[in-house]
Amino acid sequence: MAIPASPASAVLNQSYTFQGGTPEPELLPAEPGTVEARWYRVGVVYAVAYVGLDPQAIACPGNSILTSAGFDFASNAELEGAECSSFPTLIESNDEQGLRICNDTVVYLSLIPSDLAGQLFSSIEVPVADIGGVGLTGSVAVTDPTTVPELDLGSIGC
């Protein structure tokens, strides 16, 4: 089954370096504007599907939420073949958190509680020597978490 649409979606079209500069396009994990982050509620956490991201990409998808208290629940996880050990927000993927591939779509069970409102950020990052790394990001505001659809991971082949 295809990944359903979500009203809480963002196109990842903002590129950056970890030092705040503009990255060389060939360093990016995907072309800006080609990946859409679709957010869902899965149990007690938010999940994000990176629609358009090649599951074979050598990258470290991540996410966080910005609330009135600041950024929180930031995490990254490694796609197979990626080396993200330099990321202070790196988590291990397992049954409760992190990455899984569902019908050729990268899906990430975040650390963000699904009852929080705020600006949800999704990113795809790659470590790069000398500048720390590069990435693509996008965000979507969620003022009422109940407007974010629930998703049954089994229904999408997880």
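Residues numbered from 1 in each chain as written. Predicted model: local features only at pLDDT ≥ 70, side-chain atom pairs only at ≥ 80, totals over all residues. Heavy atoms only, no water.

Asker: So, the overall build of the protein chain: which residues are in play, and what are the values?
Answerer: Counting secondary structure elements, the protein chain contains zero helices and ten strands. Across the protein chain, helices and strands are ordered from the amino to the carboxyl terminus as β-β-β-β-β-β-β-β-β-β. In terms of C-alpha radius of gyration, the protein chain reaches 14 Å, essentially the compact-globule figure of 15 Å for 158 residues. With the C-alpha coordinates of the protein chain rotated into their principal frame, the extents come out at 40 × 35 × 25 Å. If you take every contact in the protein chain between residues at least 6 apart in sequence, the share linking residues at least 24 apart comes to 64%. Counting every atom, the protein chain has about 7600 Å² of accessible surface; 50% of that belongs to carbon and sulfur. (Helix = DSSP H or I, 4+ residues; strand = E, 2+ residues; numbered from the N terminus. Rg over C-alpha atoms; globule rule 2.2 N^0.38 Å. Contact = heavy atoms within 4.5 Å. Areas by Shrake-Rupley, 256 points an atom, 1.4 Å probe, with all protein chains shown as cover.)

Asker: Quick rundown of the sheet that holds strand β1 (residues 9–11)? Include the residues and the values.
Answerer: Ordered in space as β1-β3-β4-β8-β7, the five strands form an open sheet in which the pairing is antiparallel. Each edge of the open sheet is held by one strand with a lone partner, namely β1 and β7 (98–102). Strand-to-strand twist of the sheet, defined as the mean angle between neighbouring strand axes without regard to direction, takes the value 25 degrees. Direction of pairing for β7 relative to strand β8 (residues 105–113): antiparallel, over a ladder of five bridges. Looking across to β8, one finds that L99 is bridged to Y108. (Pairing = 2+ DSSP bridges. Axes fitted to C-alpha atoms, helices over the stretch in contact; angles between N-to-C directions.)

Asker: Can you explain the nonpolar core? Please cite residues and give values.
Answerer: Ranked by internal contacts, the top residues of the largest apolar core, which has 31 residues, are W39, Y50, L53 and L120. Elements represented by at least two residues in this core include exactly β3 (36–42), β4 (45–51), β8, β9 (118–128) and β10 (132–142). The residues contacting L120, other than those within four sequence positions of it, are W39, Y46, S64, I65, I112, G138, S139, V140 and V142. With twelve residues, the next largest nonpolar core counts I3, A47, V107 and I156 among its residues. (Core = buried A, V, L, I, M, F, W, Y, C linked by side-chain atoms within 4.5 Å. Buried < 20%, exposed > 50% of the residue type's maximum accessible area, 1.4 Å probe, protein only.)

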